[in-house]
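Topology and contacts: notes
Chain by chain, the residues run as shown.
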Amino acid sequence: MAVHSRVYGTGMYVPDEVITNQDLARIVDTSDEWIVTRTGMRERRRAHGDQAASDLAIPAALAALDEAGITARDLDMIIVATVTPDTLFPSTACLMQERLGARSIPAFDVSAGCTGAIYAISLAHQLLSLGTYRHILVVGVEMLTRITNWSDRSTCVLFGDAAGAIVLGPSDDGVHGLLGFHLASDGGRGHTLHMPAGGSRMPATRDTVDRNLHTLHMRGNEIYKTAVTTMYDSCKILLDHEKLSPQDVDVYVFHQANLRIIEAVGKRLGVSSDKVFVNIHKYGNTSSASTLLAIHEARREGAIKPGSLVLQVAFGAGLTWGGILWRW
Ligand code: UT7
């Protein structure tokens, strides 16, 4: 298959404030032992009160642009994956267009939960393959601590704030870049992970705020099972399409939602744990930023090298899931 697009640069940003498991044990009835054994998380980051999603996204984007060797004025499009934008409108992508000093290029947000970055990259890839655009900035940014119910121990221990960014452009050699993608959804199970209020169905009122309906609600157990099945399915679809075996992949980058989910998918694929990149212990679940952070750190640590076969897979609210197969 001809390769049309590749990554020119990656970047990430996490806020300074570290929230440890011990910090959380002072807020709700939980323990370091429970959180580590059930999720693999040890700490996560929380944004300052005066920061919004775009404040996290800008430094991540600048780092990706720097590595790509271009400036914001060279960009032809900005796509931001997020469910926690600065405001419902204007989009965070439009706010970034102005703050980065980009030309009056198209800029828009994508809402696909934790799979958002995979949706956005796949879309950018398709547009690049048409030849209309040369440089597309994709950002995954999330501030789930802003929509967390801090009295619900089953969710408040899980999430962290972060931004990841990637600059995509045409593949120069037709070999290195995006080999294939798979995207899917099941709206019938959307209620298992949602924020009930704040949209046109249930606009904000004193009552909705009092009833904590502007926070994330999740049926953890149901999501857990679906996450394992769907991420495995995405891997199989992508590998089968390219006639590859799970062992052919050098690095698996799964959505960092729970270490047990990551290990379960790796086990079903029959791959050794040294092929599976993990950074959930440092950042928790950062939703649409998660796999971008992992790719950036895997590159920085030398796990992803030029020529590596990389499988990036996620699952999230929608429900949505999908994956991207890369020849780095
Ligand atoms: O990125 C979007 C996708 N999100 C996910 O993929 C999350 C998927 N789900 C999960 O990761 C897991 O389901 C959780 C980590 C959320 C929960 O782990 P679990 O092993 O499924 O626990 P559980 O919900 O079955 O709860 C087991 C027990 C319950 O107590 P009882 O009823 O057995 O007495 C919970 O009340 O653990 C209790 N529990 C806690 N205990 C201490 C739930 N949260 C906590 C907590 N600390 N933080």
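As the structure is a computational prediction, the values presented were derived from the model and not from experiment.

Structural notes on helix H4 (residues 92-100)
For H4, the complete set of buried residues consists of Thr92, Ala93, Met96, Gln97 and Leu100. Mapping the buried residues of H4 onto a view down its axis gives an arc of 150°, with all of them on the same face. Structurally, H4 contributes buried residues whose contacts are with helix H3 (53-68), strand S4 (77-81), strand S5 (107-110) and strand S6 (136-143). One or two steps after H4, the chain reaches Gly101, where phi turns positive at roughly 80°.

Description of the site of the ligand
Close contacts around the ligand come from 22 residues, with Thr30, Arg38, Asn221, Asn258 and Asn285 the closest. Here an oxygen atom of the ligand sits 2.7 Å away from a polar atom, N or O, in the side chain of Asn221. Out of a free accessible area of 950 Å², the ligand has 73% covered by protein chains. Looking at the shell around the ligand, the elements with two or more residues in it are helix H2 (32-39), helix H6 (153-156), helix H8 (220-241) and helix H9 (259-269). With 4 residues, the top contributor of residues to the shell around the ligand is H8. Grouping the constituent residues of the shell around the ligand by class yields 10 nonpolar, 8 polar and 4 charged. The residue makeup of the shell around the ligand includes at least three contributed by each of domain 1 (5-174) and domain 2 (178-327).

Regarding the pattern of salt bridges
Counted under the stated rule, the structure contains 13 salt bridges. In this structure, the salt-bridge partner of Asp172 is Arg6, at a minimum N-O distance of 2.7 Å. Of this pair, Asp172 sits in the loop between strand S7 (161-170) and strand S8 (177-185) while Arg6 sits in strand S1 (residues 5-13); the two residues are 166 residues apart in sequence, bridging distant segments of the chain. Given a relative accessible area of 58%, Asp172 falls into the exposed group. Note on Arg6: relative accessible area 22%, which makes it partly exposed. The residue Asp207 makes a salt bridge to Arg211 at a minimum N-O spacing of 2.9 Å. Given a relative accessible area of 40%, Asp207 falls into the partly exposed group.

Rules of the game
Residues numbered from 1 in each chain as written. Predicted model: local features only at pLDDT ≥ 70, side-chain atom pairs only at ≥ 80, totals over all residues. Heavy atoms only, no water. Buried < 20%, exposed > 50% of the residue type's maximum accessible area, 1.4 Å probe, protein only. Helix = DSSP H or I, 4+ residues; strand = E, 2+ residues; numbered from the N terminus. Arc of directions from axis to C-beta. Contact = heavy atoms within 4.5 Å. Near = heavy atom within 4 Å. Polar contact = N/O pair within 3.5 Å; in protein donor to acceptor, adjacent residues only side chain to side chain. Areas by Shrake-Rupley, 256 points an atom, 1.4 Å probe, with all protein chains shown as cover. Nonpolar A, V, L, I, M, F, W, Y, C, P; charged D, E, K, R; others polar. Domains from an automatic or database assignment. Salt bridge = Lys/Arg side-chain N within 4 Å of Asp/Glu carboxyl O.

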